[in-house]
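Working through the structure, step by step
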Amino acid sequence: MSYTRRVLVISPVPSKLSAWAANVVGCEVVPRGRTEKQMEAAVKAMSRPADLIVLDGHGSGIEAIYTSSGRETQVRISFAPEMLGAPRVIMSICYGLAEHYIEKLTDCDKEIEVIGPVGTISSRHYLGVVSHLIERFLDGEDLMAALDGARRLELGQIERWGRSGREDRVAETD
């Protein structure tokens, strides 16, 4: 009997990603919600057991916040997960690889592998990258190798995506 990897997708519902992930064996969609309380619950859901967590939504290049869309109705919360239920995270938010997000994730787990954008990403292109990473991961591929594969395929805006593994963070301090 083979083990099926488990991917927890925390995403606005409805969204392109949540609609796609709802039909993928191995993916569980957790609605992000639009209120402060719902968004805080979504970040807390990052503690649920999984092999990979995908956090979808909006981020900031300035501070560790998680936001909903909409200028008039935007909700902003502090991004500070208490614990992580998976050793890997895809930060599908603008600036997901910014140092302030990596610090919050490594406060929970120093060994965490993170993939995300180094700057802004377009809502037109992120689904191609994220769905490729999830599919390859569910097929048994290493997440970092899946990122390399996305680069070889030249998926839309892949040049804006990067990685942060323990070995990357150790190399930065040397």
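Below is a short write-up of the structure.

Calculation rules
- Residues numbered from 1 in each chain as written.
- Predicted model: local features only at pLDDT ≥ 70, side-chain atom pairs only at ≥ 80, totals over all residues.
- Heavy atoms only, no water.
- Buried < 20%, exposed > 50% of the residue type's maximum accessible area, 1.4 Å probe, protein only.
- Helix = DSSP H or I, 4+ residues; strand = E, 2+ residues; numbered from the N terminus.
- Arc of directions from axis to C-beta.
- Contact = heavy atoms within 4.5 Å.
- Salt bridge = Lys/Arg side-chain N within 4 Å of Asp/Glu carboxyl O.
- Pairing = 2+ DSSP bridges.
- Axes fitted to C-alpha atoms, helices over the stretch in contact; angles between N-to-C directions.
- Core = buried A, V, L, I, M, F, W, Y, C linked by side-chain atoms within 4.5 Å.
- Right-handed = clockwise from strand over helix to strand, strands pointing away.
- 1 Å grid on protein atoms, 1.4 Å probe; cavity = no way out; pocket = protein on both sides within 12 Å on 5 of 7 lines; lining within 4 Å.
- Points joined across faces, edges and corners; volume = space filled by probe spheres on them.
- Nonpolar A, V, L, I, M, F, W, Y, C, P; charged D, E, K, R; others polar.
- Expected span 1.5 Å × (residues − 1).
- Parallel < 35°, antiparallel > 145°, perpendicular 65-115°, else oblique.
- Left-handed = near helix turned anticlockwise from the far one by under 90°.

**Section: helix 2 (residues 36-44)**
- Buried within helix 2 are the following residues: Met39, Ala42 and Val43. Along the axis of helix 2, the buried positions cluster into a sector of 95 degrees, meaning they face one direction only. Residues of helix 2 that are exposed and point more than 90 degrees away from the buried face comprise Lys37 and Lys44.
- In the core, the buried residues of helix 2 are packed alongside strand 1 (7-11), strand 2 (27-31), strand 4 (65-67) and strand 5 (76-78).

**Focus on the pattern of salt bridges**
- What the rule picks out here adds up to nine salt bridges.
- With a closest N to O distance of 2.2 Å, Glu28 and Arg48 form a salt bridge. Note that Glu28 is positioned in strand 2 and Arg48 in the loop between helix 2 and strand 3 (52-56), a separation of 20 residues in sequence.
- On the accessibility criterion, Glu28 (25% relative accessible area) is partly exposed.
- Across the pair Arg151 and Asp148 runs a salt bridge, and its minimum N-O distance is 3.6 Å. With Arg151 and Asp148 both in helix 5 (residues 143-152), this residue pair falls three residues apart, about one helical turn.
- Take Asp148: its relative accessible area is 38%, and that puts it in the partly exposed class.
- Taken together, the shared-partner salt bridges in this structure form one network comprising Arg6, Glu28 and Arg48.

**As for the sheet that holds strand 2**
- The mixed open sheet is built from six strands, whose spatial order is 2-1-3-6-7-8. The strands lining the two open edges of the sheet, one partner per strand, are strand 2 and strand 8 (161-164). Each strand axis lies, on average, 15 degrees off the axis of its neighbour in the sheet, ignoring direction.
- Sheet topology note: the strand 1/strand 3 ladder contains four bridges and is parallel.

**Some details on the nonpolar core**
- Core analysis: the biggest nonpolar cluster contains 29 residues, and Ile10, Met46, Tyr66, Phe79, Met91, Tyr101 and Leu105 have the highest contact counts within it.
- Of all elements in the fold, only strand 1, helix 2, strand 3, strand 4, strand 6 (88-92) and helix 3 (99-108) reach the threshold of two or more residues within this core.
- Dropping the residues within four chain positions of it, Met46 is found in contact with Ile10, Ile53, Leu55, Phe79, Pro81, Met83, Leu84, Gly85, Val89 and Leu105.
- Ala21, Ile90, Val130 and Leu147 belong to the second largest nonpolar core, which has 26 residues in total.

**A closer look at the pairing of strand 7 (residues 113-117)**
- In terms of burial, strand 7 is largely enclosed, as four of its five residues are buried.
- With three bridges joining them, strand 6 and strand 7 adopt parallel strand pairing. Residue pairing in the sheet places Arg88 in a bridge with Glu113 of strand 7.
- Taking the sense of rotation as the criterion, the β-α-β connection linking strand 6, helix 3 and strand 7 turns out right-handed.

**Quick word on the layout of surface pockets**
- Taken as a whole, the largest pocket spans an internal volume of roughly 300 Å³.
- Its residues assigned to classes, the lining of the largest pocket shows five nonpolar, seven polar and four charged.

**Focus on helix 4 (residues 126-138)**
- The end-to-end C-alpha distance of helix 4, which contains 13 residues, comes to 18 Å, matching closely the 18 Å that a straight helix rising 1.5 Å per residue would cover.
- Those residues of helix 4 not exposed but buried are Tyr126, Leu127, Val129, Val130, Ser131, His132, Leu133, Ile134 and Phe137.
- The positive-phi residue at the C-terminal boundary of helix 4 is Gly140, with phi of around 100 degrees.

**Digging into the packing of helix 4 against helix 5**
- Running from amino to carboxyl end, helix 4 crosses helix 5 at an angle of 135 degrees, the nearest separation of the two axes being 9 Å. Between helix 4 and helix 5, the interaxial angle falls into the category oblique. Helix-helix and strand crossings are classified by hand; for helix 4 and helix 5 the assignment is right-handed. Of helix 5, the residues touching helix 4 (which contributes His132, Leu133, Arg136 and Phe137) are Leu143, Ala146, Leu147, Gly149 and Ala150.
- Grouping the amino acids of the contact of helix 4 with helix 5 by side-chain chemistry returns six nonpolar, two polar and one charged.

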